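# Reading the structure
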Amino acid sequence: TGLVNQSGQLDKLATALAKAQSEITGAKSKSTNPYFKSKYADLFEVLEASRPILSKHGLSIVQTTDKVEVIGETAFLNVGTTLMHSSGQWIRSFTPMPIEKPVNCHKLGSAFTYGRRYGLAAIVGLAQMDDDGNAATEKGKGIKSPNVKPNPVTLNNMKPKTNTNPINGGNL
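Quick caveat, the model's predicted, so the values are computed rather than measured.

The next thing to look at is the packing of helix α2 (residues 43–56) against helix α3 (residues 105–124). Orientation of α2 relative to α3, taken along the N-to-C sense of each, is 35°, at an axis distance of 10 Å. In terms of crossing hand, the pair formed by α2 and α3 is left-handed. Residues Leu43, Val46, Leu47, Ser50 and Leu54 of α2 lie in contact with α3, whose contacting residues are Thr113, Arg116, Arg117, Leu120, Ala121 and Val124. Partitioned by chemical class, the residues of the contact of α2 with α3 number 7 nonpolar, 2 polar and 2 charged.

One open sheet accounts for 3 strands, arranged β3-β4-β5; its pairing is antiparallel. Edge positions in the sheet fall to β3 (59–71) and β5 (90–99), since each has one partner strand and no second. Pairwise comparison of adjacent strand axes, ignoring direction, gives a mean angle of 20° for this sheet. Of the strands in this sheet, β3, β4 (74–85) and β5 are in contact with helix α1 (residues 11–23), which crosses β4 at around 95°.

Bringing the pattern of salt bridges into the picture now. In total, this model carries 2 salt bridges according to the counting rule given. A salt bridge links Glu23 to Lys56, with the nearest nitrogen and oxygen atoms 3.0 Å apart. Residue Glu23 is located in helix α1, and its partner Lys56 is located in helix α2; the two are separated by 33 residues in the primary sequence. Note on Lys56: relative accessible area 57%, which makes it exposed. For Lys101, the salt bridge identified is with Glu73, shortest N-O distance 3.0 Å. Of the two residues, Lys101 sits in the loop between β5 and α3 while Glu73 sits in the loop between β3 and β4, which places them 28 residues apart along the sequence. Each member of the pair Lys101 and Glu73 is classed as exposed.

Before going further, it helps to spend a moment on the confidence of the model for the protein. On average, the protein scores 78 in pLDDT, and the residues at 70 or more come to 73%. Model confidence for the protein, summarised as mean pLDDT per element, is weakest for strand β1 (residues 31–33) at 73 and strongest for α1 at 97. Between residues 140–172, whose pLDDT stays under 50, and residues either more than four places distant or in other chains, the model counts 27 contacts.

Here we come to the packing of α1 against α2. Viewed as axis vectors pointing N to C, α1 and α2 meet at an angle of 140°, and their least axial separation amounts to 9 Å. In terms of axis orientation, α1 runs oblique to α2. In the packing of α1 onto α2, the handedness of the crossing is right-handed. For the pair α1 and α2, contact is made by Leu17, Ala20 and Glu23 and by Ile53, Leu54 and Lys56, respectively.

Rules of the game
Residues numbered from 1 in each chain as written. Predicted model: local features only at pLDDT ≥ 70, side-chain atom pairs only at ≥ 80, totals over all residues. Heavy atoms only, no water. Axes fitted to C-alpha atoms, helices over the stretch in contact; angles between N-to-C directions. Helix = DSSP H or I, 4+ residues; strand = E, 2+ residues; numbered from the N terminus. Left-handed = near helix turned anticlockwise from the far one by under 90°. Contact = heavy atoms within 4.5 Å. Nonpolar A, V, L, I, M, F, W, Y, C, P; charged D, E, K, R; others polar. Pairing = 2+ DSSP bridges. Salt bridge = Lys/Arg side-chain N within 4 Å of Asp/Glu carboxyl O. Buried < 20%, exposed > 50% of the residue type's maximum accessible area, 1.4 Å probe, protein only. pLDDT = per-residue confidence, 0-100. Parallel < 35°, antiparallel > 145°, perpendicular 65-115°, else oblique.

Here's what the structure looks like:
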């Protein structure tokens, strides 16, 4: 099987990312969410804050979708973000984004855009100077999270899994 979410070596990518992160200051909140009356950094602003600096250090981003999964009554779009270095080294993460029912192309597009924004910011360590996270609450009132005990995961108990392309059955 092998590694699924990273190349075999990461030393060059890690060095370049550390240099890029020392220059990235954050994405400015230029967009307005009329529903919550808040400002937030949209996908363009996150790209604008990171892409030139990443490129300067030989880093690039590719964002795709893996599949839509239905868990219980909720559909999730898995948005993949791959950070690549000019050496060929790479890392990848997936962000599952819930899609409200009934699922349609507009909701799917919205989930993809949110997933791209959150995935990019997370993989490069970019702070979004915003309060758009209140979308996870009931119009900013706050919903209490269930009391869940964390399940610690260590590198010793993680087993790599093989991702396959749902279109042709080949490895991603």
